Amino acid sequence: MLLAFKNVTKRFAKQARAVFTDVSFVMAKGETVALTGESGAGKSTLLHLAGALDRVDAGTVTVNGADLSALNDQRASQLRRTQVALVFQQFNLIPSLCVRQNIALHAQLGRRLDADWTDHLTQNLGLSPFLERYPEELSGGQQQRVAIARALAVRPQLLLADEPTGNLDEKASRDVMRLMLDLTRDAGSGLLLVTHSTQIAGQLDRHLHLASGRVTEHPPTLTK
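To start, this report covers the structure provided alongside it. Keep in mind the model is a prediction, meaning the values are calculated, not measured.

### Some points on the overall build of the chain
- Tallying secondary structure elements over the chain gives 7 helices and 10 strands in all.
- Expected size for 224 residues packed as a compact globule is a radius of gyration near 17 Å; at 17 Å, the chain falls within 12% of this value.
- Expressed as lengths along the three principal axes of its C-alpha atoms, the size of the chain is roughly 50 × 40 × 35 Å.
- Across the 224 residues of the chain, 51% fall into the buried class.
- Looking at the chain alone, contacts between residues at least 24 apart form 71% of all its contacts between residues at least 6 apart.
- Looking at the chain as shown, the accessible area adds up to about 11200 Å², and 47% of this sits on carbon and sulfur atoms.
- When the 25 positive and 22 negative side-chain charges of the chain are each reduced to one mean point, those points stand 5 Å apart.

Shown next as structure tokens:
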């Protein structure tokens, strides 16, 4: 088992209502899972919990059996440099670093930089001609590809992606998703992907839906 949410409740201090109540689901190693839901349902919050960027109020979130709530900030950062990587809609590239440096950053910090694997990523993502350019010199689609390459450079066991094609046009979105899925499988990583698109969700192994503070399989599993 790669990722497990067990009876998770999450509240924000200023909200009486819980964002999640008793959420439970599991992901197997190498599995790709889409998470959909209405705006404001808490999809990004769930992803932050899975990436040890936030903590639960009740229940447990585990990655490879390790309880994320038990990690201090240093160990949580190490987890994100070695086992869990994140791709955000806003890219979060470092403007003062060129493409080559942005891609290598987390892998270097986690001592997991592999030149051959990085070359494989940059070639397949079409980034080889742009390695010495800076983020401001790239299109939105190119920046997103850099963000994907940076996340996959560490060969994470779990890749978390929050609306990774939300800022792209339809064609660029299709291209980026195809490449991300192919390279995620090449890396042997599991993928938890937040998306508003049922079409994108249909390309993954499973589709979960978050509504009214609960996660359910989509379409719902029929009981006999």
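### Let's talk about the pairing of strand β4 (residues 58-63)
- In the sheet, strand β1 (residues 3-10) pairs with β4 via 5 bridges, with the strands oriented antiparallel. Note on β4: the bridge partner recorded for threonine 9 is alanine 58.
- In this structure, β4 lies alongside strand β5 (residues 66-67), joined through 2 bridges in antiparallel fashion. The residue of β5 that forms the bridge with valine 63 is alanine 66.
- Taken together, β4 and the strand that follows it, β5, pair antiparallel across an intervening segment of 2 residues, in which asparagine 64 is found at a positive phi of about 55 degrees.

### Some points on the layout of surface pockets
- Computed from the structure, the largest pocket encloses a volume of approximately 220 Å³.
- Residue lining of the largest pocket: Leu53, Ser77, Arg80, Arg81, Val84, Ala85, Leu86, Phe88, Asn92, His106, Leu109 and Arg150, and that is the complete set.
- Looking at the lining of the largest pocket residue by residue, the class counts come to 6 nonpolar, 3 polar and 3 charged.
- Here the second largest pocket defines a volume of roughly 180 Å³.
- Thr165, Gly166, Leu168, Glu170, Ser173, Arg174, Met177, His196, Ser197, Gln199, Ile200 and Gln203 are the residues that line the second largest pocket.
- Elements with a minimum of two residues in the lining of the second largest pocket: α6 (170-187) and α7 (198-201).
- A per-element tally of the lining of the second largest pocket places α6 first, with 4 residues.

### Notes on the pairing of strand β8 (residues 190-194)
- Burial within β8 is extensive, with 5 of its 5 residues counted as buried.
- By the bridge criterion, 4 bridges tie strand β3 (residues 32-37) to β8 in an arrangement that is parallel. Along β8, the bridge assignment pairs valine 33 with leucine 192.
- Examined bridge by bridge, strand β7 (residues 158-162) and β8 share 5 bridges and lie parallel to one another. The residue bridging alanine 161 from the neighbouring strand is leucine 193, located in β8.

### Thoughts on empty space enclosed by the protein
- If you walk through the whole model with that rule in mind, you get 1 cavity of 30 Å³ or more.
- When its volume is computed, the largest cavity comes out at roughly 40 Å³.
- Taken together, Leu49, Asp54, Arg55, Val56, Val61, Leu68 and Ser69 make up the full set of residues lining the largest cavity.
- In the lining of the largest cavity, the residues fall into 4 nonpolar, 1 polar and 2 charged.

Calculation notes
- Residues numbered from 1 in each chain as written.
- Predicted model: local features only at pLDDT ≥ 70, side-chain atom pairs only at ≥ 80, totals over all residues.
- Heavy atoms only, no water.
- Helix = DSSP H or I, 4+ residues; strand = E, 2+ residues; numbered from the N terminus.
- Rg over C-alpha atoms; globule rule 2.2 N^0.38 Å.
- Buried < 20%, exposed > 50% of the residue type's maximum accessible area, 1.4 Å probe, protein only.
- Contact = heavy atoms within 4.5 Å.
- Areas by Shrake-Rupley, 256 points an atom, 1.4 Å probe, with all protein chains shown as cover.
- Lys, Arg positive; Asp, Glu negative; His and termini not counted.
- Charge placed at Lys NZ, Arg CZ, Asp CG, Glu CD.
- Pairing = 2+ DSSP bridges.
- 1 Å grid on protein atoms, 1.4 Å probe; cavity = no way out; pocket = protein on both sides within 12 Å on 5 of 7 lines; lining within 4 Å.
- Points joined across faces, edges and corners; volume = space filled by probe spheres on them.
- Nonpolar A, V, L, I, M, F, W, Y, C, P; charged D, E, K, R; others polar.

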